[in-house]
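Remarks on the overall topology
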Amino acid sequence: MNMMNQDINLSDALPEDETSRQYYYIEKARLYVQELSSRIGRPLTFCVTTFGCQMNARDSEKLRGILREIGYLEAEEDQADFVIYNTCTVRENANTRVYGRLGQLKPRKKKNPHMMIGLCGCMMQEPEVIEKLKKSYPFVDIIFGTHNIFKFAELIAERFATDKPVIDIWEGTDQIVENLPNQRKYAFKSGVNIMFGCNNFCSYCIVPYVRGRERSREPQAILDEIRRLAKDGVVEIMLLGQNVNSYGKTLDEPMTFAQLLTEIEKIEGIKRIRFMTSHPKDLSDELIEVMSRSSKICRHLHLPVQSGSSRVLKQMNRRYTKEQYLELVEKIRKAVPGISLTTDIIVGFPGETEEDFQETLDIVRKVRYDSAFTFIYSKRTGTPAAKMKDQVPEEMIKDRFQRLLTEVQNIAAEVCSVHEGTTQEVLVESICDHDPSMVTGRLSNNLLVHFHGDASLIGKLLPVHLTECKGFYYLGEPGM
Ligand code: SAH
Ligand code: SF4
Ligand code: F3S
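First, a word on what this report is: a plain description of the structure on this page. Remember, it's a predicted structure, so these values are computed and weren't measured experimentally.

Looking now at the pairing of strand S13 (residues 340-347). In the case of a regular strand, side chains alternate between the two sheet surfaces. Burial of S13 is extensive: 8 of the 8 residues sit out of reach of the surface. Burial along S13 is two-sided: Ser340, Thr342, Asp344 and Ile346 and Leu341, Thr343, Ile345 and Val347, pointing in opposite directions, are all buried. Across 3 bridges, strand S12 (residues 300-302) lies against S13 in parallel orientation. When the sheet's bridge partners are listed, His300 is paired in S13 with Ser340. Running through helix H12 (residues 354-367), the crossover from S13 to the neighbouring parallel element strand S14 (residues 371-376) is right-handed.

The following block contains the structure:
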């Protein structure tokens, strides 16, 4: 989708405004793509693979939008002339996977000299990674980071012009470039960035180092984007930020997240509003109140707890205690009865004792989450926790991880089944993966339900009777 009707003439001077500059490079890159494509006698294709979180998924939609504008067609990775990995580095295994996949691309690139490989995303913000890529993976064509993703077209044009690898990494930015192309994965729902970066510096986490300082988008830009999306058929939006509860603090005219939500609610056509991630320390009474009286904000809150031990939470620099977290949960549940709560938990943070781990099990039993993402602590170079003493032995972590997983899953199965027999509003998202005579939809609380239906229902909201809970999803029947 071309967001702006940019009138670009390549014989004019390079425009100054950053958005127009990038449309200029889109035109330029388009000519190179046309030339190469007529040389090899077929259209050029691309594949963007996303690692990591929703923020990265949204960035990948922007990459796809630009590639489409330039004249590439989307294809499977093994067919693609341009393979892009949008990387994550939150845990070490995310990095390992990228190196593995790169290794597999090498022989393919040797056979197809016109093939291009691009790397971007959080992993590229780490100097050691760039060193390693230069040394061991010199066949990569374009490398850029999280701060200059808007320059994608410019970097492609440069790669074509110079025929040399292009590496462009910025250490940080205060720039937010609006109105570039993007291509949504779903017609009826979309992520919307409301802020970038993170200032929290949880001691285990690398995100503040690779995503930079917290920057909020101007409310007007967010509201305009959502209005455009609504006009284009989007009914559900997911507001994205590492810490949405601190939205607006850095704006010239500060605005709270709750105020932003109130404005978004007024937009006609938007039927469901989701957001992530909420940091417990910044979740305000004002937000709880807005949620409690909203008919559009979904009854689901992702509220990462990370640990149930106040001692570990302090070491993690989370700035809340177990008791404060539990009080918050109580307040939310009182204001929004039946709300689904999900969380993230880290096992094996340095110095975590069996007693600390018991506190985590205890908070899981007390809150009774609808689901929880459980992670084994991963040491990230440059973070304070990496230097902490008493790193927990691997065997011990694995054992705790298993015990936690069992607890979380048993509770989730019980919690999820409470809606059995009720009728709920469902947004139909796709044809069911396992049975083409069925469709899959999502409840307000984020659970999935499969029921008989066809592709004409996709993107529609309809009542569905939840006949049977199958653990983490439902079977249902429409229209009762
Ligand atoms: N901003 C979000 C989370 C972003 S990262 C928040 O504060 O909740 C997503 C999750 O990855 C985190 O919630 C945390 O549970 C996990 N995580 C982050 N760093 C990690 C590390 N070094 N090892 C293991 N898990 C980690
Ligand atoms: Fe990482 Fe903490 Fe920021 Fe989340 S809030 S991204 S866990 S530093
Ligand atoms: Fe990963 Fe970056 Fe997201 S490190 S979790 S992709 S912000």
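For the rest of this paragraph, the subject is the packing of aromatic side chains. Considering all chains together, one arrives at 15 aromatic pairs under this definition. An angle of 25° between the planes, with centres 5.6 Å apart, marks the rings of Tyr99 and Tyr137 as stacked. One end of the pair, Tyr99, is in helix H3 (residues 92-111); the other, Tyr137, is in the loop between helix H4 (127-136) and strand S5 (142-144), with 38 residues separating them in the sequence. Residue Tyr99 shares its accessibility class with Tyr137, and that shared class is buried. The interplanar angle of 80° and the centroid separation of 5.0 Å between the aromatic rings of Phe257 and Phe275 together place this pair among those described as edge-to-face. Taken together, the residues span a long stretch of sequence, with Phe257 in helix H8 (residues 257-265) and Phe275 in strand S11 (residues 272-276) at a distance of 18 residues. Comparing Phe257 with Phe275, the two get one shared label, buried.

Around ligand 1 lies a shell of 15 residues, among which Gln242, Pro304, Gln306, Asp344 and Ser378 are the nearest. Within the contact set of ligand 1, a nitrogen atom lies 3.1 Å away from a backbone nitrogen or oxygen of Tyr204. Measuring from an oxygen atom of ligand 1, one finds a side-chain N or O atom of Arg318 at 3.5 Å. Here ligand 1, which alone exposes 540 Å², has 91% of that area covered by the protein. Secondary structure elements with two or more residues in the shell around ligand 1: S13 and S14. When grouped by side-chain class, the residues that make up the shell around ligand 1 number 7 nonpolar, 4 polar and 4 charged.

The rules behind these values
- Residues numbered from 1 in each chain as written.
- Chains lettered and ligands numbered in written order.
- Predicted model: local features only at pLDDT ≥ 70, side-chain atom pairs only at ≥ 80, totals over all residues.
- Heavy atoms only, no water.
- Buried < 20%, exposed > 50% of the residue type's maximum accessible area, 1.4 Å probe, protein only.
- Helix = DSSP H or I, 4+ residues; strand = E, 2+ residues; numbered from the N terminus.
- Pairing = 2+ DSSP bridges.
- Right-handed = clockwise from strand over helix to strand, strands pointing away.
- Phe/Tyr/Trp six-rings, centres within 6.5 Å; stacked < 30°, edge-to-face > 60°.
- Near = heavy atom within 4 Å.
- Polar contact = N/O pair within 3.5 Å; in protein donor to acceptor, adjacent residues only side chain to side chain.
- Areas by Shrake-Rupley, 256 points an atom, 1.4 Å probe, with all protein chains shown as cover.
- Nonpolar A, V, L, I, M, F, W, Y, C, P; charged D, E, K, R; others polar.

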